[in-house]
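Fold and geometry: a report
Chain by chain, the residues:
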Amino acid sequence: MNLPLQEQETPVPQWEEELAKVGFVRRLLRARKWYGADWWFVAISSVMVLGFIVVALFPQWFAPYGPHEQVGPRFLAPGDQPDLPLLIVRADSGFTSLEDLATGPDSEVSRPPIAVVRGAPTAGSLREQAALIDDELQDADTGMRLRPNIQRFDTVEEVLQSVQDGESFAAVMSSVQFEEVADQFPDLEAPTDISGGVASAGDFTLGTNQIGQDVLSRLIWGTRIALIIGFSSSLVALFLGVPLGLVAGYAGGKVDRIMTVFMDSLYAFPGLILAIAITAVLGPSVLNVIIAIAVLYIPTYYRIVRGQTLSVKQEVYVEAARSIGAKAGTILRRYIYPNVIPSVSIIFSVNIADAIITGAGLSFLGLGLPPSTADWGIDIARGQEFIQNAWWLVTFPGLAIMLVVLAFTMLGEGLTEILNPKLRDR
Amino acid sequence: MANPDILYSIRNLTVEYQTRHGVVKGVDDVSLDIRRGEILGLVGESGSGKSTLGKAMMRLRNGSARITAGELWFDGQDLMKLSERQMRDLRGSRLGMVFQDPMTSLNPVQRIVEHLTETMLTHEPEWTEEEARERAENLVERLGIRRERVKDYPHQMSGGMRQRVMIALALALNCDLVIADEPTTSLDVIVEAKFLDLLKELRDEFNLTILLITHNIGVVAEVADRVAVMYAAKLAEIGNVNDVFEKPLHPYTEGLLKSVPNIELDSGALYKMQGSPPDLSSPPSGCRFHPRCPYMMEEVCPVYEPPFERPEGASEDCRVACWLHHPHPQKVAIGA
Amino acid sequence: MSPLAIIFLIIGIPALIGLAYIFVRGSAGLRRYILTRIGLLIPMVFILASLVFFVMRVLPGDPVRSSLGPKGSAETVARMREQLGLDDPLIVQYGNFLVDIVTLDFGNSLTGGRRPIVDEMSERFPATLELVIPAAAFALAIGIIGGTLAAARRKRPLDYALRLYSVAIYSIPVFWLGLMGQLVFGVRLGWTPIAGRIDPVIGTTLERTTNILWLDAIISGNWPALWSSLSHLVLPVVTLGLILSGVFLRLTRVNVIETLQMDYIGAARARGIRERIVIGGHALKNAIIPVITLLGLQVAILLAGAVLTETVFSWPGMGQYLVQRISSRDYTAVQSVITMFAMLVALISLAVDIIYSLVDPRVRY
């Protein structure tokens, strides 16, 4: 009685049919034609991700300093020039650094007089630096010591005058102070700062931390550990979760039921807490963090792969292939993998983002990574103490986490739009 | 609109869709009058634009569809000039719609009675909850559903009952015009027959006018007074049911009737129309049916679009868009 | 009576009454469903507990050694192993562990005065609830309102802005957001306190019954304490809530968009129902159902977030307790807290499933 009609009111657009025919890699490459905005989303975040990978592989190309080097004054705010006190000596004295002022046992002066301005913080820096040098000298067993006899004067001019007169061997004052009056004392020069020039090269874009490490350098080196944790734990989860999901979905029955119940409870358990437990038991190391985080994400892959496998298995062509006696392996490879790969690639990307956040959380809590690691979470945890005075210590590592995670999340988002027909706009 | 017999008049309506392949005309320059108290059947294949037309008549948003030209006159009002707010007041109170699938057209988490009272109270805010409930129960009972069932959720009812609920929703405020979009497609044959009987009864009882959109020409034969045939976004033919079924003028209508097994126009085997409906993003030139038409005239049909006119000698209500019934098709071709 | 017991009464009694009501009024199908679901709770707790046991005892790593440190002599180690029953065969240990859970007796903590762990947890648990429940409510509110707005304004600037928000907020580590909040509102603006649950001086004046401080303050009419506890609550709750809100926003948006394409939405519009009611009533009501199911899974994120938030804000809840005990290598306490979390997850998922069966009339029992 009815006309022979198609059921659907609107026929599937041609571009969608075309899309359905091509494989998933080609679909991605060609997708610009059909998904302008989302394609660009994927493209931009891919570039960001690649950038982060390069930084993680070769941090030394980008970071001005090593991750553990103490290269500057402590708590230098971002953008500030290090205002290291200069060592000022008579040009003809032959002293070029603080170490030159050290004296041996046979010297007539046991404590070299050094002039400072009364009340200025330079005296403290001088004392600290001298103590450092003194320790080194003692360790080296040269018999030399450096114990400055600090002379205090009321004004800059008086300080410099005492050096000019030879009363003091050297003066220590900030470069700003010295430059103002330098013209009046042509005999004096400032060959170096009191650290002997080690720290003065510095240009600390993001400031320095509580032990004088460059924040930017630690950020750049921290990329490495973040990506190692993100990628490795996601890969481990992938290589365990996907086959388990395939097996459960394909086999069905009791195997499936038992595995699913187990995976579901694992999935329901608060991930970070489980990771905390695992790292607490296994002890701190990068490998253990990777294991702990990987365990959390196995169920994610398992669930999606099992679901997809179940639905693909029921589709007609797989039934047909089975009925003509195709081997399980062939069916997996030919029919199930191609259907599962798009979803897995989306999860993988989002998963890395998740793993990085979880890893940062673990190290923020002081678990998992050895405390000396250049890691963003650790930096934030250590900076928390100084949040009242040094905002940059917690702000920048957090921003770094956010940026990396954002890149991976956006990649996953864009891929979802392109590869997942369910959410696709009609 | 001067003629008081005509309840709803569509004038040169064009509805366009925005697709990724450009603009598609889902309804292309269609004019149609619906008379007070009649049941007008609108037949066509899927994608012919009949559902789009139905939704456009209520100015309902339908994806990216947009009315780009034409006028809609309902009971002397120009609907295109009404604000969205005024239009909303008409929907459900004077213009009702019954959808194809009553399962998905009822809110699954709302009880039947809530559907009804919500509609009533939206349009008649001064009614009390109890009044509305009482009316809802009476209405449902009139349609052959037990009163108590109004407390059910849609999924607890059968397909036929749900479709009756849909009708009840259109009757809740005594709509003048009910647009029924494939109302029986999801029902089985027996339920369908009952439903159609009910529709006829209700038409008389509630003084309804019904536009029955369907792809099932048998349904039209059963209940409609007049029938309009739509093909590829345009009207192909319109006429009284008896005339059209006795002597279809448009080759497409003829094909439709021939392919229905139980109406014996031709004693031969079941006829199957050749070809398939055209892609509306690039419709055929001239007469849109020409690639499938057995009577196609080479010089005329693929080139010139036939006018929608009353052929000579046909009855008063009849219109057809086909060069076969034009007095001088060849002359048109040469003259142009 | 311990605070924990009181909390259980406050939450448990209404829950039981509600359950009894559903039981009496509900259909036979619903009754059967709820019974089955409660029956399923037992294997779930069992599996989760086994998971904890596996992690804590079967994985390599010696809790006693790590708890005593390198200084512990072989003799002390042996004594402690015996005390903790670690010399028994694994299967016996497992049995004891399960018995401990059923009897809610987790033993004494190894450090800090060797108090019973149950007592310590009963002080901590209310603090976690005080943080987590408002945070979840806040996140749900933002998520549902934002998600619905985004869906209603689909592909317009507001939608893009809200989607961007949900992706961005998802990428922020909760502890960092907390620190930024402290930095801006605590340190710079000085609007909120940056740590703790209550001003320590005012705290001493407060008589504690439930150990949910604002509730105690209301009960005892101690208004300065109420103000103090609420002002301490704002920053942590907002932090945790904001982080969660992104997920809810996305879920709500996708579901509302999907529902808006349903026939019944078109049908409701065709009946002249106002757009606000179509989206806010019909669409949202249907879209919210899957959001509720997923709420159960978000509990995991919520609790994990609570651990970090508590650490940032020195909030003396279960999470902070867990972290503290790990650093003092108090292995019994760690295991108990994690078991507690597991049971909490099981209970919440039970509650979510029951709520789901009530909200969705179509649920098949």
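Rules behind the numbers
- Residues numbered from 1 in each chain as written.
- Chains lettered and ligands numbered in written order.
- Predicted model: local features only at pLDDT ≥ 70, side-chain atom pairs only at ≥ 80, totals over all residues.
- Helix = DSSP H or I, 4+ residues; strand = E, 2+ residues; numbered from the N terminus.
- Buried ≥ 20, exposed ≤ 12 C-beta atoms within 10 Å, placed from the backbone.
- Contact = placed C-beta atoms within 7 Å.
- Pairing = 2+ DSSP bridges.
- Nonpolar A, V, L, I, M, F, W, Y, C, P; charged D, E, K, R; others polar.
- Axes fitted to C-alpha atoms, helices over the stretch in contact; angles between N-to-C directions.
- Core = buried A, V, L, I, M, F, W, Y, C linked by C-beta atoms within 7 Å.
- Parallel < 35°, antiparallel > 145°, perpendicular 65-115°, else oblique.
- Left-handed = near helix turned anticlockwise from the far one by under 90°.
- Expected span 1.5 Å × (residues − 1).
- pLDDT = per-residue confidence, 0-100.
- Arc of directions from axis to C-beta.
- Right-handed = clockwise from strand over helix to strand, strands pointing away.

Turning next to the overall build of chain C. For chain C, the helix and strand inventory stands at 15 helices and 0 strands. With the C-alpha coordinates of chain C rotated into their principal frame, the extents come out at 80 × 55 × 40 Å. When burial is assessed residue by residue, chain C has 43% of its 365 residues classed as buried.

Let us look at the overall build of chain A. Scanning chain A for helices and strands turns up 15 helices and 5 strands. In chain A, of all internal contacts separated by at least 6 residues, the share reaching a separation of at least 24 is 77%.

What follows deals with the sheet that holds strand β4 (residues 66-74) of chain B. Residues and elements named next belong to chain B. Reading across from one edge, β2-β1-β4-β5 is the order of the 4 strands in this open sheet, with antiparallel pairing throughout. Pairing within the sheet leaves two strands with one partner each, and these edge strands are β2 (22-35) and β5 (77-78). Bridge count between strand β1 (residues 6-19) and β2: 10 bridges; the pairing is antiparallel. Within the sheet, the bridge partner assigned to L13 lies in β2 and is V30.

Our focus in this paragraph is the interface of chain B and chain C. With 23 residues of chain B at the contact, the number on the chain C side is 18 residues. Ranked by the residues each element gives to the side of chain B that touches chain C, the list is headed by helix α4 (residues 112-123) of chain B, at 4 residues. Looking at the side of chain B that touches chain C residue by residue, the class counts come to 9 nonpolar, 9 polar and 5 charged.

Taken together, the contact pairs 38 residues of chain C with 41 residues of chain A. At the level of elements, α2 (28-58), α7 (157-170), α8 (174-188), α13 (275-312), α14 (318-327) and α15 (331-359) of chain C are the ones that each hand at least two residues to the side of chain C that touches chain A. Element by element, the count of residues in the side of chain C that touches chain A is highest for α13(C), at 7 residues. Of the residues that constitute the side of chain C that touches chain A, the class distribution is 32 nonpolar, 6 polar and no charged.

A word on unusual backbone geometry. All names here are of chain B. Residue N207 is not a glycine yet carries a positive backbone phi of 60°. Mapping N207 onto the fold places it in the loop between α7 (189-206) and β8 (209-214). In this structure, A233 is a non-glycine residue whose phi angle is positive, near 75°. The topology assignment puts A233 in the loop between β9 (226-231) and β10 (234-240). On the basis of neighbour count, A233 is assigned to the buried category, with 25 C-beta atoms found within 10 Å.

Positionally, C:L294 belongs in helix α13. When the C-alpha positions of C:L294 and C:L251 are compared, they lie 8.5 Å apart, and in sequence the two are 43 residues distant.

Here the focus is the sheet that holds strand β1 (residues 85-90) of chain A. Residues and elements named next belong to chain A. As summarised here, the arrangement of the 5 strands in space is β3-β2-β4-β1-β5, forming an open sheet in which the pairing is mixed. Because the sheet does not close on itself, it has two edges, and the strands there are β3 (149-153) and β5 (188-193). Each neighbouring strand pair of the sheet contributes to a mean axis angle of 35°, computed without reference to strand direction. Taken together, the 5 bridges between β1 and strand β4 (residues 170-174) define a ladder with antiparallel strand orientation. Each bridged residue has a counterpart across the sheet, and for V89 the counterpart in β4 is A170.

What follows deals with the environment of C:T128. All names here are of chain C. Assignment of secondary structure puts T128 in helix α6 (residues 117-152). Through-space distance from the C-alpha of T128 to that of G317 is 4.7 Å; in sequence the pair is 189 residues apart. Not counting residues within four places of it along the chain, the set of residues in contact with T128 comprises A306, G317, M318 and G319.

Moving on, we get to the nonpolar core. With 272 residues, the main nonpolar core has A:I276, A:A277 and A:I356 as its most contacted residues. For this core, the leading source of residues is α13(C), giving 17 residues. Ignoring any residue separated from it by four or fewer positions in sequence, one finds A:I276 in contact with A:L362, A:L365, A:L367, C:L322 and C:I326. Among the nonpolar cores identified, the runner-up in size contains 26 residues, and A:I88, A:A115, A:A171 and A:M173 belong to it.

This part covers the packing of helix α13 (residues 328-364) of chain A against helix α14 (residues 376-384) of chain A. Residue and element names in this part refer to chain A. Look at α13 against α14: their axes get within 7 Å of each other, and the N-to-C directions meet at 40°. Taken together, the axes of α13 and α14 lie oblique to each other. When you trace α13 past α14, the crossing you get is right-handed. Taking contact as the criterion, the partners of G359, A360, G361, L362, S363 and F364 in α13 are, on α14, W376, G377, I378, I380 and A381. In terms of residue class, the contact of α13 with α14 is made up of 7 nonpolar, 4 polar and no charged.

Attention now moves to the packing of helix α12 (residues 263-270) of chain C against α13(C). All names here are of chain C. Viewed as axis vectors pointing N to C, α12 and α13 meet at an angle of 145°, and their least axial separation amounts to 11 Å. The interaxial crossing formed by α12 with α13 has right-handed handedness. On the side of α12, the interface is formed by Y264, I265, A268 and R269, while α13 contributes V278, H282 and A283.

Here we come to helix α9 (residues 253-268) of chain A. Given a rise of 1.5 Å per residue, 16 residues ought to cover 22 Å, and the 22 Å separating the end C-alpha atoms of α9(A) matches this to within 8%. Taken residue by residue, α9(A) has A:M263, A:S265, A:L266 and A:A268 as its buried positions.

Interpreting fine coordinate detail is not advised for predicted regions of low pLDDT. All names here are of chain A. Within chain A, residue pLDDT values average 78, and 83% of them lie at 70 or more. Scored below 50 in pLDDT, residues 1-11 makes 19 contacts in the model with residues more than four places away or belonging to other chains. Long-range and interchain partners of residues 422-426, a stretch whose pLDDT sits below 50, account for 4 contacts in this model, where long-range means more than four residues apart.

With that out of the way, let us pick up the confidence of the model for chain C. All names here are of chain C. Summing up the model confidence of chain C, the mean pLDDT is 81 and the portion of residues at 70 or higher is 93%. Here helix α3 (residues 63-68) stands out as the element of chain C with the lowest mean pLDDT, 64, in contrast to α8, whose mean of 89 is the highest. Here the predicted complex scores 0.77 on pTM and 0.84 on ipTM.

Residues and elements named next belong to chain A. When we look at burial in helix α6 (residues 156-164), the residues that qualify are V159, L160 and V163. Each buried residue of α6 lies within a common arc of 90° when the element is viewed along its axis, so the set occupies one face. On its buried side, α6 packs onto β1, β2 (113-117), β3, β4, α7 (175-181) and β5. Of the residues one or two after α6, G166 is the one with positive phi, at around 85°.

Moving on, we get to the pairing of β8(B). All names here are of chain B. β8 sits mainly inside the fold: 6 of its 6 residues count as buried. By the alternation rule, side chains of β8 split into T209, L211 and I213 and I210, L212 and T214, which are all buried. When strand β3 (residues 39-43) meets β8, the two strands line up parallel, connected through 5 bridges. Across the sheet, the residue bridging to G41 is L212, located in β8. Bridge count between strand β7 (residues 177-181) and β8: 5 bridges; the pairing is parallel. For L177, the partnering residue across the bridge sits in β8 and is T209. Note on the crossover from β7 through α7 to β8: the handedness is right-handed.

Residue and element names in this part refer to chain A. The residue Q314 is located in helix α11 (residues 286-314) in this model. What makes Q314 exposed here is the crowd of 9 C-beta atoms within 10 Å. Linking Q314 and A268, residues 46 residues apart in sequence, is a C-alpha distance of 28 Å.

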